[in-house]
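Chains, contacts and geometry: an overview
For reference, the chains in residue letters:
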Amino acid sequence: MATRTFFNVSLFDGRQNGIRERAWLAVDLTSGQLVAIGGGVPPAESDELVDMHDQYVMPGFLNVHTHIAGDPRTFDGIFGSSEAESAVFAYQNLRELLQSGVTFARGLGTSFDVDLKLKKMMRTGVMTQIPHFQPSGKAFVMTGGHGDHANGGNRVDSPDEMRKGVRQALKVGAEVIKMMATGGVMSPGDFMDDPQLSVDEMHAGVLEAHHKGFKAAAHAEGNPGIQNAIDAGVDSIEHGFYVTESEARQMVEQDIYLTPTLVAEWAIPEFGQGVLPDWEVKKAADALEDTYVNLRKAYEIGVKFTCGTDAGTPFNGFNRTPEEFELLTKVGMTPFEAYTCSSLNAAELCGVADRYGTLEVGKQADFQVLSADPLADVKAVQQRDKAVYLGGERQF
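Residues numbered from 1 in each chain as written. Predicted model: local features only at pLDDT ≥ 70, side-chain atom pairs only at ≥ 80, totals over all residues. Heavy atoms only, no water.

**A word on the overall build of the protein chain**
For the protein chain, the helix and strand inventory stands at 10 helices and 17 strands. Over its C-alpha atoms the protein chain spans a radius of gyration of 20 Å, differing by no more than 12% from the 21 Å that the globule rule assigns to 396 residues. Taking the principal axes of the C-alpha coordinates as reference, the protein chain spans close to 65 × 45 × 40 Å. The proportion of buried residues among the 396 residues of the protein chain is 60%. A total accessible area of about 14900 Å² is found for the protein chain, and carbon and sulfur atoms account for 49% of it. Distance from the positive charge centre (34 side chains) to the negative charge centre (55 side chains) of the protein chain: 4 Å. (Helix = DSSP H or I, 4+ residues; strand = E, 2+ residues; numbered from the N terminus. Rg over C-alpha atoms; globule rule 2.2 N^0.38 Å. Buried < 20%, exposed > 50% of the residue type's maximum accessible area, 1.4 Å probe, protein only. Areas by Shrake-Rupley, 256 points an atom, 1.4 Å probe, with all protein chains shown as cover. Lys, Arg positive; Asp, Glu negative; His and termini not counted. Charge placed at Lys NZ, Arg CZ, Asp CG, Glu CD.)

Shown next, in the form of structure tokens:
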């Protein structure tokens, strides 16, 4: 076993609320796993020693809501006009995610099922310098609903159609099922409080996903769609801007996670004036203030929050994940609690907590290196020139 040991590390492992000074991390270079963690003088038997000069090392981020084929510079919500274009965007965007510190990403809707095809290429090692990735393929939408466009949505209008569609998606490689429970910000013909897929339709999708050991996520911004998705038994509510106290309590009871995607909602009114249609800017701006209030209550009730950004939506580039943590502090979280949305909760939601999320023996040595203490200042993770490692190998 060839080992590489990083020493003189100021370590934030993602689980403990504190920095361990003068720590060292030993990595098996064959498996990319952490085989030992200690403090003080590093083990003499290590094959390679790397002095980190007391820089701060913390886990790579998990971003559980991305649209990797999206182009945040185009503002139509159509993620790629051709399969070739979508594939190029997806590869570039995955690299940008990694460079920002994201070492594991979950896709929640792509054009042409391009993420399913790229995942097969990832397994063969054709593509490098990209995060670990969990693909969904196209999202499931009702005819005429949010996400119903030619290249990006699986149209279903009954439980039977959902059942067959999800089975087909799982057959071709989907590892998570995305369903649209409400309208959204980017679609001109509906609103956040428009219910879309029904409880029965979504429940059929949830059952099929669970039968294969996979999770189901619901785009749900307003009501009654949030309630419908909870009643359908989804594993995560995506966005959840208008979640109520009673819904939050039910989410705790059912162990349903909430992915707030705050940076996506913030970016549209922040940068969209005079660029995006007035109706789209108004939708996002009207919701943002309510969102902070509603999510603060949900967090106080005990809902588990995850880290996701909706990357690929307008002005919401694939480098913005670090900014999500600053916004999470606005719903009452400390920096440590905000990072827990990624290191613990996101890993649990994706079913990968045994391998990713925290820096512990037996897990992958996926980490980022910062010049400032991330627990003292939540903006420290926004450092642009950070070093990023996968399996103990530097990628950026």
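Having seen the structure, we can now continue with the description.
**A few points about helix α1 (residues 83–99)**
Given a rise of 1.5 Å per residue, 17 residues ought to cover 24 Å, and the 24 Å separating the end C-alpha atoms of α1 matches this to within 8%. Buried residues of α1: Ser86, Phe89, Ala90, Asn93, Leu94, Leu97 and Leu98, and no others. Considered in projection along α1, the buried side chains sweep an arc of 165 degrees and stay on one side of the axis. On its buried side, α1 packs onto β6 (61–66), β7 (102–107), α2 (114–123), β8 (132–134), α9 (321–328) and β16 (387–390). (Expected span 1.5 Å × (residues − 1). Arc of directions from axis to C-beta. Contact = heavy atoms within 4.5 Å.)

**Some words on the packing of aromatic side chains**
Inspection of the entire model under this criterion finds 11 aromatic pairs. Between Phe12 and Tyr339, the aromatic rings sit 5.9 Å apart at their centres with planes inclined by 50 degrees, giving tilted as the arrangement. Of this pair, Phe12 sits in the loop between β1 (3–11) and β2 (20–28) while Tyr339 is found in helix α10 (residues 335–349), placing the two residues 327 residues apart along the sequence. You'll find Phe12 and Tyr339 in the same group, each marked buried. When the ring of Phe61 is compared with that of Phe325, the centres are 4.5 Å apart and the planes differ by 35 degrees; the resulting orientation is tilted. Remark: Phe325 occurs in helix α9 and Phe61 occurs in strand β6; sequence separation between them is 264 residues. Phe325 shares its class with Phe61; the two are buried. Within the aromatic cluster, the residues linked to one another by ring pairs are Phe12, Phe61, Phe325, Phe336 and Tyr339. (Phe/Tyr/Trp six-rings, centres within 6.5 Å; stacked < 30°, edge-to-face > 60°.)

**Things to note about the nonpolar core**
Ile177, Met179, Phe305, Phe325 and Tyr339 are the most contacted members of the largest nonpolar core, which totals 77 residues. Among residues more than four places away in sequence, those in contact with Met179 are Phe140, Met162, Leu197, Met202, Gly205, Val206, Ala216, Ala217, Ala218, His219 and Val234. By size, the runner-up hydrophobic cluster in this structure holds 16 residues, among which are Leu11, Ala23, Leu34 and Phe367. (Core = buried A, V, L, I, M, F, W, Y, C linked by side-chain atoms within 4.5 Å.)

**Looking at the environment of Trp266**
Its location among the elements puts Trp266 in helix α7 (residues 262–271). What makes Trp266 buried here is its relative accessible area of 18%. Remark: the alpha-carbon pair of Trp266 and Val176, spanning 90 residues in sequence, is separated by 26 Å. Sequence-distant contacts of Trp266, defined by excluding residues within four places in its chain, comprise Phe271, Leu288, Arg320, Glu323 and Leu327.

**Some words on the environment of Asp194**
Among the structural elements, Asp194 can be located in the loop between β11 (176–180) and α4 (199–211). C-alpha separation for the pair Asp194 and Ser46, spaced 148 residues apart in sequence, amounts to 59 Å.

**A look at the pairing of strand β12 (residues 215–220)**
The two faces of the sheet receive side chains in turn, since in a regular strand these alternate between them. Along β12, 5 of the 6 residues are buried, which leaves the element largely enclosed by surrounding structure. With 5 bridges connecting them, β11 and β12 associate as parallel partners. Among the inter-strand pairings, Lys178 is bridged to a residue of β12, identified as Ala217. Bridge analysis of β12 against strand β13 (residues 236–239) gives 4 bridges, and the strand direction is parallel. (Pairing = 2+ DSSP bridges.)

**Points about the pattern of salt bridges**
In the structure shown here, the tally under the stated rule is 21 salt bridges. For Glu48, the salt bridge is made with Arg4, and the minimal N-O distance between the two is 2.9 Å. In this pair, Glu48 is assigned in strand β4 (residues 48–51) and Arg4 in strand β1, connecting sequence segments 44 residues apart. Arg4 gets classed as buried once you look at its relative accessible area, which sits at 13%. Between Asp71 and Arg73 there is a salt bridge, with the nearest N and O atoms lying 2.8 Å from each other. (Salt bridge = Lys/Arg side-chain N within 4 Å of Asp/Glu carboxyl O.)

**Some words on unusual backbone geometry**
Between Asn223 and Pro224 the backbone carries a cis peptide bond, its omega angle lying at 15 degrees. When you line up the elements, Pro224 lands in the loop between β12 and α5 (225–232). Even without glycine at this site, Asp113 takes up a positive phi of about 55 degrees. Looking at the secondary structure, you find Asp113 in the loop between β7 and α2.

**What to know about the packing of helix α3 (residues 159–171) against α4**
In contact at an axis separation of 8 Å, α3 and α4 are set at 30 degrees when each is read in the N-to-C sense. Between α3 and α4, the interaxial angle falls into the category roughly parallel. Of the two possible hands of crossing, α3 and α4 adopt the one that is right-handed. For the pair α3 and α4, the contacting residues are Pro159, Met162, Arg163, Val166, Arg167 and Leu170 in the first and Asp200, Glu201, Met202, Ala204, Gly205, Glu208 and Ala209 in the second. A per-class count over the contact of α3 with α4 returns 7 nonpolar, 1 polar and 5 charged. (Axes fitted to C-alpha atoms, helices over the stretch in contact; angles between N-to-C directions. Parallel < 35°, antiparallel > 145°, perpendicular 65-115°, else oblique. Left-handed = near helix turned anticlockwise from the far one by under 90°. Nonpolar A, V, L, I, M, F, W, Y, C, P; charged D, E, K, R; others polar.)

**Comments concerning the confidence of the model for the protein chain**
Averaged over all residues, the pLDDT of the protein chain is 94; the fraction at 70 or higher stands at 97%. Mean pLDDT per element in the protein chain: helix α8 (residues 278–301) is the minimum at 88, and strand β5 (residues 56–59) is the maximum at 99. (pLDDT = per-residue confidence, 0-100.)

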